[in-house]
Amino acid sequence: MENKSTIKTTRRLTETAVMLALATALSYIQIYTLPMGGSITLFSQVPIIIIGYRYGVKWGCFTGILHGILQMLLQGLGNFAYVKGIFAYLVLIFMDYVFAFMSLGLGGGLFKKTIKNQAVALGCGAFAGSALRLLCHFISGITIWGEYADGWKSVWIYALAYNGSFMGVEAAISVIGVIVLALVFDFNKENLLRKGKLK
């Protein structure tokens, strides 16, 4: 008979795999896509944020990193054609994918211990994770994508406007998504369902 530790580990790995698959699938449902990358998706950030909330910052960051690598391999390899040099490649890999999506898992678990209300904690986490992701894309924008800022007075304004245009909406969608889910599910429990819900 499996001990409790093994069961918990199996559950965590299974949930993480399912949420990664869900986040990846949702990332293909794009409401709007910008010309040079960046898109508004249908709740694709939510699964990673929830994993961060359920299993903490470290596991959330790990899950976010895996999601970022998947995003790069499945949808982002074409971006490497637009930049040159090892420095640009590293910035692209880490700031637009690894750290950007890691931020979502970080945000998910950030307020779990400090805010008792699950919906508020998840909402704040979704906002914080999205803000950190925006910061990553902004840094990428001012370091390797500045050549596309023709017509703008400042590359900083360009990077903020470009990335903020889709990340602002993405953040709002994610905040709404996690709050709605928090009203139905108790992410602190193994069975997830709140008493009396979805019978």
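Quick caveat, the model's predicted, so the values are computed rather than measured.

Cut-offs used in this document
Residues numbered from 1 in each chain as written. Predicted model: local features only at pLDDT ≥ 70, side-chain atom pairs only at ≥ 80, totals over all residues. Heavy atoms only, no water. Helix = DSSP H or I, 4+ residues; strand = E, 2+ residues; numbered from the N terminus. Polar contact = N/O pair within 3.5 Å; in protein donor to acceptor, adjacent residues only side chain to side chain. Phe/Tyr/Trp six-rings, centres within 6.5 Å; stacked < 30°, edge-to-face > 60°. Buried < 20%, exposed > 50% of the residue type's maximum accessible area, 1.4 Å probe, protein only. Lys NZ or Arg CZ within 6 Å of the ring centre and 35° of its normal. Expected span 1.5 Å × (residues − 1). Bend = angle between axes of the 7 residues up to and from the residue. 1 Å grid on protein atoms, 1.4 Å probe; cavity = no way out; pocket = protein on both sides within 12 Å on 5 of 7 lines; lining within 4 Å. Points joined across faces, edges and corners; volume = space filled by probe spheres on them. Nonpolar A, V, L, I, M, F, W, Y, C, P; charged D, E, K, R; others polar. Core = buried A, V, L, I, M, F, W, Y, C linked by side-chain atoms within 4.5 Å. Contact = heavy atoms within 4.5 Å. Disulfide = S-S within 2.5 Å.

Asker: Where do I start with the environment of Asn3 in this structure?
Answerer: Among the structural elements, Asn3 can be located in the segment before helix H1 (4-27). In terms of polar contacts, Asn3 uses its side chain to reach the backbone amide nitrogen of Ser5, at 3.3 Å. At 2.8 Å, the side chain of Asn3 forms a polar contact with the backbone nitrogen of Thr6.

Asker: Sorry, what's going on with the packing of aromatic side chains here?
Answerer: One pair of aromatic rings is described through two measures. These are the centre distance and the angle between the planes. The final tally for this structure, using the stated rule, is eight aromatic pairs. Arranged with centres 5.1 Å apart and planes meeting at 50°, the rings of Trp59 and Phe62 form a pair that is tilted. Pair noted here: Trp59 and Phe62 are both in helix H2 (residues 46-76), with a separation of three residues, about one helical turn. You can call Phe62 partly exposed: its relative accessible area is 39%. The interplanar angle of 70° and the centroid separation of 5.7 Å between the aromatic rings of Trp152 and Tyr158 together place this pair among those described as edge-to-face. Assessed through its relative accessible area of 42%, Trp152 is described here as partly exposed. Residue Tyr158 is classed as buried on the basis of its relative accessible area, which comes to 6%. Here the aromatic cluster, defined as three or more aromatic residues joined through ring pairs, consists of Trp152, Tyr158 and Tyr162. Here Lys112 stacks its cationic end above the ring of Tyr53, 5.1 Å away from the centre of that ring.

Asker: Hey, could you run me through H2 in this one?
Answerer: Side chains three or four residues apart in an α-helix point the same way, a direct result of the helix having 3.6 residues per turn. The end-to-end C-alpha separation of H2 is 20 Å, well short of the 45 Å expected for 31 residues at 1.5 Å each. Gly56 marks the point of greatest bend in H2, at about 145°.

Asker: Explain the layout of surface pockets here, please?
Answerer: Rolled over the atoms, a probe as big as a water molecule pinpoints where empty space is left. As a volume, the largest pocket reaches approximately 650 Å³. Lining the largest pocket are 30 residues, with Met36, Gly37, Gly38, Asn79 and Tyr97 positioned closest to its centre. Among the elements of the structure, strand E1 (30-33), strand E2 (39-41), H2, helix H3 (86-110), helix H4 (118-143) and helix H5 (155-184) are those that each provide at least two residues to the lining of the largest pocket. Top element by residues in the lining of the largest pocket is H5. It accounts for six residues. Looking at side-chain class alone, the lining of the largest pocket contains 11 nonpolar, 16 polar and three charged residues. Approximately 220 Å³ is the volume found for the second largest pocket.

Asker: Where do I start with the nonpolar core in this structure?
Answerer: One recurring pattern in soluble globular proteins: nonpolar side chains tend to sit buried together. Formed by 33 residues in total, the largest nonpolar core has its most connected members in Ile49, Val83, Leu92, Leu122, Ile144 and Val178. Of all the elements in the fold, those that place two or more residues in this core are H1, H2, H3, H4 and H5. When residues of this core are assigned to their parent elements, the largest contribution, nine residues, is made by H2. Apart from residues lying up to four places away in sequence, Ile144 is in contact with Val83, Phe87, Ala88, Val91 and Leu92. If you look at the next biggest cluster of nonpolar residues, it comprises eight residues, including Leu34, Ala149, Met167 and Ile173.

Asker: What am I meant to see in the environment of Leu42 here?
Answerer: As for its position among the elements, Leu42 is in the loop between E2 and H2. The residues touching Leu42, leaving out its near neighbours within four places in the chain, are Leu26, Ile29 and Ile31.

Asker: Honestly, the state of the cysteines in this entry has me stumped. Any pointers?
Answerer: One way to say it: the disulfide is the covalent bond shared by the sulfur atoms of two cysteines. By the definition in use, this model includes zero disulfides. With no disulfide of its own, Cys136 has Cys61 as its nearest cysteine by sulfur position, at a separation of 11 Å. Looking at Cys136, the relative accessible area reads 8%, which means it is buried.

It is worth stressing that arrangement in space is one thing and function is another; only the former is reported here.
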